[in-house]
Structure formats: C-alpha cells, structure tokens
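# Close look at the chain arrangement
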Amino acid sequence: MALGDANSTGSEKTAPETGNVSRNADLPTDALIILPVRKVVLFPGLILPLTIGRDKSVAAAQQAVREQRQIGVFLQRDPENDDPGPGDIYRIGTLANIIRYLAAPDGTHHVVVQGVQRIRIDDFLSGTPFLTARVIHLPEPDARSTEIEARFRNLRNQALEAVQLLPQAPQELIATIENAASPAALADLAAGYMDITPEDKQAILETVDLTTRIERVSKLLAERIEVMRIAQEIGRQTKAAFDDRQREAVLREQLAAIQRQLGEGDGKSQEVAELSEAITKAQMPAEVEQHARKELARYQRLPEAAAETGMIRTYLDWLTELPWALPEEKPIDIVAARRILDEDHFGLEKIKTRIIEYLAVRKLAPHGKAPILCFVGPPGVGKTSLGQSIARAMQRPFVRVSLGGVHDESEIRGHRRTYVGALPGIIIQGIKRAAARNCVMMLDEIDKMGRGIHGDPSAAMLEVLDPEQNGTFRDNYLGVPFDLSRVVFIATSNMLETIPGPLLDRMEIISLAGYTESEKLQIARRYLVKRQLEANGLKPDEVTIDDAALGTIIHGYTREAGVRSLEREIGKVFRHAAVKIAEDSTARVSIGPKDLTESLGAPRFENEVAMRTSVPGVATGLAWTPVGGDILFIEATKSPGKGGLILTGQLGDVMRESAQAAMTLVKNRAQSLGIDPAIFEKSEIHVHVPAGATPKDGPSAGVAMFMALVSLLTNRTVRSDTAMTGEISLRGLVLPVGGIKEKVVAAAAAGITRVMLPARNRRDFDDIPQDARNRLEFIWLERVDDAVAGALDRKHADAATDSVIA
C-alpha cells in the first residue's frame, strides 16, 4: 500500500511514532482498529481524506499502517467529546483501507481512506491503547427487481441534475454517476457527496435494505435539488439587478458628459436650485429651514444612481409642500355660522347652541386653547356633516382623517426614513391635503382604533389632541417639529367605551341622539329628497312624493337612529320612477303610500308590541345599542318541574344576574303580589329574550324581567303601550341606567305611548327631544311597586293563555 503522495506538500513518513500512546499493541487477528471521527460519515466505495489529531487516533492509524490492517471508521455521537469511549460512537460504520498516510511539518496527521463495506460492532476489546472491536460484516443485498431498477434510474437522473446545478460541476463526478454499476453503489455515492447533516448520512449508512435506502436518498436529494434551484434563481436575479444598476449608472455619467459638452449645464444643479427656492418660499421656521438645507446639501453631493438620492428628494418634497406659514385668518361671523348650521341640519338645537358657543370663544380668543369636540352618536345622525358645517362657518379648509381600523402607531406618527417607502403619518398627510395649517380636521371613528404589535395609536393621539403639546408635534418621518396648535380637531365616535380614558379626558363629549319620526320627515323633505332627485337624474317637476309616503317609509321600511337607510329607500323609490320616465319621456310620477309596495315590497316593520304583550308573561323593555336605542321583549313561561330558572337568548353574565335578582325579588314579594309560594317549588320558570342570535348584556332590563315574571305568575298582562327600563336591587329599589335619550327615542319610534324610567334618571329628561316628550307619558319609578301599579292591566287574563308561545 502506498504511503506517500507525489503531490503532497507535507513530508512523506512511514508510520511515525507518538509519544503519548504506547508504540505497538498486540491485537488478535479478528480484532479491528476503530477510528472515531467527527461530523464525517464514510460510505463504501468512497475515498475520503481525514485529519487526525488525537493521540489515540494517531496511534491507531499508525499501527494499522505498519501492520497493513484495515480500520473501522465510525461517527462519534458528540463531536465535542475529545476522548470517545465505546458508548460514544454509533454501532454501524464502514470498513476502510488506508491508502495514504501523511504527517505534515506542522504536526498534523492526515490519512486518505477508502470505504469497503458496512460493518456492525459486535463487542469491544479491552487492554488496547485505542478502540478495537470484533465486528460483523454487513454484505450488500444483490437482489435486482423492476422496482429497484426503476428507483435506480430515477436516482441517477436526480444525481445528474444535482451535479449540473453546481457552479463548476466536475466531469469526473458526472462520469462516475453515469457509470455506477449497482443501485447500492449509486445510493452510497449520492449520500456521501450530498450536503446533508452527519446524522442524516449515518441514518442512510445504517439502512441496509436497498429499497428503503434508495427511497431515503432520493427524497433527501429532491429537497437539495429544490434548494439549489431556488438559490440559482436568486443568484441570477441578483446579478441581473446589479447589471441593470451598473448600466444605468454608466449611461447617466455618459449623459452628464454629453450635456457638459453641449453646454446645456447639469440637470441636477438646476434641480437643486429649484429645491432651494422652494425651501425659501415655504417660510419654514429657522430650525426646520436649517435642517432642510442640510439635507439639500447631502442630496447635491450624492450621485444620481445612489439609492439614497430618491429618498432624500421625496423627503425634501414633503418639507417644501407642507403649509408652514399660517394663513390670514378670516373673522368668524356668528350670525352666518348660525345660518349655515340651520341650512345644513334640522333639529339638533342643543348641539347647534354648543357649536355656536365654541365658535364665539374662537372668535373672541383666536389664539386661545379651545377644547377639542367629540361628537358621539349612532351612525347616520350627521356627525361628519356637522364638522363640515363648522369648517364652512369658520371659512377654513376641511379634511377628514379616518381612524377606523388603525392599529399601528406609525400610522399616526409616521415611519422613520430608514424604511423603504416610508411616509409621514395620517395627521401630516391630512395637513398637506388641506394645504393650510389652520384647517378643520375631522378625526372620524376615533373609537375604532385598534392596538397591535406595532404600538398603540391611541397613545400617539394623546400628543396630537393635547393643546399643551401639539404645538411641537414631531412626526417620525419629518424629524422636525410641526405646529398643530392652530388646527381645529373634531372627533366622531359611535361609543365611548372603547376610547381609552386619557384620550377621552382630552375631548369634550357632545352626544347626538337618534332622530324622531317627525325630525326624519323634515330631514327627508328638506335634504334627502333633493339629494336623491339629483343623484338619479330627476327634476322636481318630474317626480313628487308626498309626506304620507315618506312617513310610511320611515316607520314601515326603516328602523334606525339616523337617516342613512331612509335615504337609500328614497333612492330605490326614485330609481323605480326613473325607469318609468325613461320609457315614456312625457310621464310625470306622483308617489303615495300605496305606490311604495311596487318599488320597496311589503313593509318590513310593523307594530308588534300589542301582539307580543297580549298574553301574560311578556314585558317590553328598552335597550341601548351602539347604533341607537331599541325595544326588546322579555318573555316568561312556566312548566311543571322542580323549581328551576332557565335563561335563554344569549344573555351576558350581568343580564343573567338581573334575571336571578328579579326571580328572588318576586319570591320575596309573592304574598303581597297574590302569588301562591308553592308554585315556585312545582314549576320551572323559563325567561327568554328573543333575537337569540344577538348577544345581550347589562343590568337595565331588571325592571322588565321583574314585570314579566309578575305578569306570568299573577296571570295579568302588561300594558301593550308601556315600555320600561331600570336596574333593580334585592330591596326593590329601581336604580338609574344610561342611554335614556336613545331608549326614549326608540320607544316613540316603535309606537309606545308610556315609558317607565328610574326616578333618579330625571336629570336626563332635558336631553330627550321635545317631539318625543310630547308623544310620551313618563312614569318615574322609585321602587318596583310603582312598576307593578303602573304597568299591569287590572283584568286577569284567561287561564288558557297562561304560557307564551314563542
């Protein structure tokens, strides 16, 4: 066996001695020298160079060379272990011949080995300076079948494809793959050269079954081929992009040279001059102008092909286009403002009065810190249009900023310029759109801001809406302070519960309740009909609609606090009329109540209060929702049982507790109410709140639940013209609740004529619209006894109607 290599740079040596391990060991003839290796797996048929440095490994290699013995190459389990023992190496390895041994001048030792056959360790021998063992030879299976032949060909094609994807594929390796004599040899060859972990290679080495081995190698090779394809594609794209940028840079330099030769001057110098003039005209504060000119100097020094050039140019455009200078403010005309509010909105007298007060203060103290108004109310009641009217009255530009769905702080403060595609926040963008630093900015849907992993936008809004801080608002993109103190901020919201407390504290809340039917009729007549005539290309003399038809649309086809659905329904009626006019140009259409079914169909809503409450066990309650007030029915029935209470209708925890409190209160007052106490032990009481798909919660249905139970157990119906709200206590007190204005408006719209409210809610009486107050009788409740006296009919119902059919 050759021990030298003519091409080696180290000196050739024939088994030099080591000083730390004994020179020679007497080994049995059936003993095999074991060479543990790190992170390397040798397969049969492969030639592999190994660097050995441990004394035991050097001694083992030297003795194998001297005695011309074969060695066993085994992967050790932990590559960090410097003295592996019998338990630290895998049991299956490769029998190998040492074909070269080299000792370099720097003291390192190298061996070149060639794998021969798989072997398994049977048992280790003791008393030797290095690992030795008796082994079992694992011969390769020589079975050939059509399946193995098919897998063999597929593996060869995969191996050739993988080699061709290499940057510099060696022709010798391609020839070796093509000339592989057996499937086992090809599988070991592919596994040995494949870029996979030593553990995966060891698993393949331990797979003796040929079919399983080829399948495992083929699967791993397919994964590596896909990775190589993607890497090759990425490299090709990167090279193409680099070539394009290099070509562009060369062309730009040539263009600049041509322009200089023609005497046309440098285009960038002209651009810099224009930007310098724009900075001067922008009338920036001294600090901002100094920063802008510094950025302009950087822009001038950078080559046009630099990636940062475009970013700086965009930044300078933002700085120069923002309205830094304060325009001349026109005086506020209070009389004209009142006229504009009356023209744009019907009703809302208290809201208009508060807006006039706000404008009067702005007129008398234009540089004072005015409060930030927040209009709260259901959709469609005119919150956004009120902001537009304020802008008209103040003769300032109006800009609307939608905050619904904003969940990133950078949407408010802007992105830092280090990011590609960075932009200022929506506040600065709104200022730029308005082109005035004293615009009226509507912060729409402020209650619908979210919170995500990128920060809390409501926290960023604290600086925007704080008059003490917004004079030096710093957007992350601009990096310089911008004065927002002259901006008139007006926020809108559907509810207050989702607005954080610190943000709510910075705003003055102005509540807008829903409109009554008479107000909706006037709004439809004054505004909606005209708007829909224009939207559908109709003239007032071509289509007319009377008040009776509008009233039918209001109470028969819509059920809302605002007027958006009402406007849509009017639009449907007019579109139906437009078809008739388009077919016959001389036609003139008059729309009355009887004509609505042709375009809108049958009425969608009807007065179901009398029908629902015609039997004992049903009470009409009042509810508050984010889109306005509503009525709801509390139904109760009893059936033979063991005295349980069943609650259904998707009730929340607070509402379920209200029902339990009502049941306890009825039991305590059974004798005074004329109820047989034995009925509670013999019956199961079931309380249901219809519209089961809608979640419901809150304590304000306590009075209605109590009255439904009393009605059921006394067999007396609740008056169909009466609705009620209020929380109850176990002492029988009626406690105050919220949303009185919305609930009362909803009761009036539903045809209710009597409402029962907590006496401690008298303070909310002035907030109720005058039209609703004129149409309703108010009964103020101190205790539940007042509700029993005012809500139950005096007659006992027929025994056959003792239960409610849902």
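Residues numbered from 1 in each chain as written. Predicted model: local features only at pLDDT ≥ 70, side-chain atom pairs only at ≥ 80, totals over all residues. Heavy atoms only, no water.

### Considering the overall build of the chain
The helix and strand tally for the chain stands at 28 helices and 24 strands. Over its C-alpha trace the chain gives a radius of gyration of 44 Å, far above what one expects of a compact globule, namely 28 Å for 806 residues. Overall size of the chain, expressed as C-alpha extent along the three principal axes, is 120 × 100 × 60 Å. Here the chain holds 806 residues, and 46% of them are scored as buried. Across the chain, contacts joining residues at least 24 apart in sequence account for 73% of those joining residues at least 6 apart. Surface exposure of the chain reaches about 39,800 Å², of which carbon and sulfur atoms provide 51%. (Helix = DSSP H or I, 4+ residues; strand = E, 2+ residues; numbered from the N terminus. Rg over C-alpha atoms; globule rule 2.2 N^0.38 Å. Buried < 20%, exposed > 50% of the residue type's maximum accessible area, 1.4 Å probe, protein only. Contact = heavy atoms within 4.5 Å. Areas by Shrake-Rupley, 256 points an atom, 1.4 Å probe, with all protein chains shown as cover.)

### Some words on the nonpolar core
Counting residues in each nonpolar core, the largest one holds 59 residues, and the members touching the most others are I71, Y101, V113, I177 and V217. With seven residues, the top contributor of residues to this core is helix α2 (residues 146-164). In this view, V113 contacts L42, L46, I47, L48, L50, I71, A96, N97, I98 and I99; residues no more than four positions away in its chain are not counted. I356, A391, V440 and M442 belong to the second-largest nonpolar core, a separate cluster that totals 52 residues. (Core = buried A, V, L, I, M, F, W, Y, C linked by side-chain atoms within 4.5 Å.)

### Overview of the packing of helix α22 (residues 653-668) against helix α25 (residues 702-714)
At a minimum axis separation of 9 Å, α22 and α25 run at an interaxial angle of 45 degrees. Between α22 and α25, the angle falls in the class oblique. Where α22 crosses over α25, the two elements pack in a sense that is right-handed. Of the residues in α25, those in contact with M655, S658, A659, A662, M663, L665 and V666 of α22 are G702, M705, F706, L709, V710 and L713. Along the lines of polarity and charge, the residues of the contact of α22 with α25 split into 11 nonpolar, two polar and no charged. (Axes fitted to C-alpha atoms, helices over the stretch in contact; angles between N-to-C directions. Parallel < 35°, antiparallel > 145°, perpendicular 65-115°, else oblique. Left-handed = near helix turned anticlockwise from the far one by under 90°. Nonpolar A, V, L, I, M, F, W, Y, C, P; charged D, E, K, R; others polar.)

### Regarding helix α11 (residues 349-364)
Spanning 16 residues, α11 covers 23 Å between terminal C-alpha atoms, matching the ideal 22 Å at 1.5 Å per step. Restricting attention to buried positions, one finds in α11 the residues I351, K352, R354, I355, I356, Y358, L359 and R362. (Expected span 1.5 Å × (residues − 1).)

### Looking at the environment of P500
Relative to the helices and strands, P500 resides in the loop between β12 (488-493) and α16 (501-505). C-alpha separation for the pair P500 and E80, spaced 420 residues apart in sequence, amounts to 56 Å.

### So, the side chain of S658
As for its position among the elements, S658 is in helix α22. When its relative accessible area of 9% is taken as the criterion, S658 is described as buried. Setting aside chain neighbours within four positions, we find S658 in contact with G698, P699, G702, M705 and I728.

### Topic: the pairing of strand β4 (residues 92-103)
Judged by how many residues are buried, β4 sits mostly within the fold: nine of 12 residues are covered. In the sheet, strand β3 (residues 71-75) pairs with β4 via three bridges, with the strands oriented antiparallel. Along β4, the bridge assignment pairs V73 with T94. (Pairing = 2+ DSSP bridges.)

### Considering the layout of surface pockets
In this approach a probe as big as a water molecule rolls over the atoms, and the regions it shows empty are the leftover space. Roughly 530 Å³ of volume is contained in the second largest pocket. In terms of lining residues, the second largest pocket is bounded by 23 residues, among which G380, V381, G382, S385 and R531 are the most central. Sorting the residues of the lining of the second largest pocket by element identifies α12 (383-394), α17 (517-535) and α19 (564-583) as the ones contributing at least two each. Of the residues in the lining of the second largest pocket, the class split is eight nonpolar, eight polar and seven charged. (1 Å grid on protein atoms, 1.4 Å probe; cavity = no way out; pocket = protein on both sides within 12 Å on 5 of 7 lines; lining within 4 Å. Points joined across faces, edges and corners; volume = space filled by probe spheres on them.)

### Overview of the confidence of the model for the chain
Averaged over all residues, the pLDDT of the chain is 83; the fraction at 70 or higher stands at 92%. Per-residue pLDDT, averaged within each element of the chain, yields its smallest value for helix α21 (residues 609-612) (58) and its largest for β3 (94). Confidence over residues 1-20 falls short of pLDDT 50; this stretch has 38 contacts with residues more than four positions distant or in other chains. (pLDDT = per-residue confidence, 0-100.)

### Re the environment of H686
Mapped onto the elements of the fold, H686 is located in strand β19 (residues 683-688). Judged by relative accessible area, which is 27%, H686 ranks as partly exposed. Contact partners of H686, with chain neighbours within four places excluded, come to E635, A636, T637, I646 and T648. Among the polar contacts made by the side chain of H686, one reaches the side chain of T648 at a distance of 2.9 Å. (Polar contact = N/O pair within 3.5 Å; in protein donor to acceptor, adjacent residues only side chain to side chain.)

### So, the pattern of salt bridges
In this structure the tally under the stated criterion is 41 salt bridges. A salt bridge links D195 to R224, with the shortest nitrogen-to-oxygen separation between them at 3.6 Å. Here D195 is found in the loop between α4 (183-193) and α5 (198-205), whereas its partner R224 is found in helix α6 (residues 210-262), with 29 residues between them in sequence. A residue is classified by how much of its surface remains accessible, and R224, at 26% relative accessible area, is partly exposed. For D317, the salt bridge identified is with R313, shortest N-O distance 3.1 Å. (Salt bridge = Lys/Arg side-chain N within 4 Å of Asp/Glu carboxyl O.)

### Describing the sheet that holds strand β13 (residues 507-511)
The five strands are arranged β8-β9-β12-β7-β13 in an open sheet whose pairing can be described as parallel. The open sheet has two edge strands, β8 (398-402) and β13, and neither has a second partner. Neighbour-to-neighbour, the strand axes of this sheet turn through a mean angle of 25 degrees, independent of strand direction. Direction of pairing for strand β9 (residues 440-444) relative to β12: parallel, over a ladder of four bridges. Paired with M441 across the bridge in β12 is F489.

### Brief notes about unusual backbone geometry
A positive phi angle, close to 55 degrees, is found at Q395, a residue other than glycine. Along the polypeptide, Q395 turns up in the loop between α12 and β8. At N715, a residue that is not glycine, the phi angle is positive and equals roughly 60 degrees. In this fold, N715 is placed in the loop between α25 and β20 (722-724).

### Quick notes on the state of the cysteines
Scanning all chains against the criterion turns up zero disulfides. Not engaged in a disulfide, the cysteine C374 finds its nearest cysteine sulfur in C439; these two sulfurs lie 18 Å apart. Residue C374 is classed as buried on the basis of its relative accessible area, which comes to 0%. (Disulfide = S-S within 2.5 Å.)

### Let's talk about the packing of helix α10 (residues 334-344) against α11
Close contact between α10 and α11 brings their axes to 10 Å; oriented N to C, the two are set at 150 degrees. In terms of orientation, α10 and α11 fall into the roughly antiparallel class. The element α10 and its partner α11 pack so that their crossing is right-handed. Contacts between α10 and α11 involve I334, A337, R338, L341 and D342 on the former and, on the latter, K352, I355, I356, L359, A360 and K363. Partitioned by chemical class, the residues of the contact of α10 with α11 number seven nonpolar, no polar and four charged.

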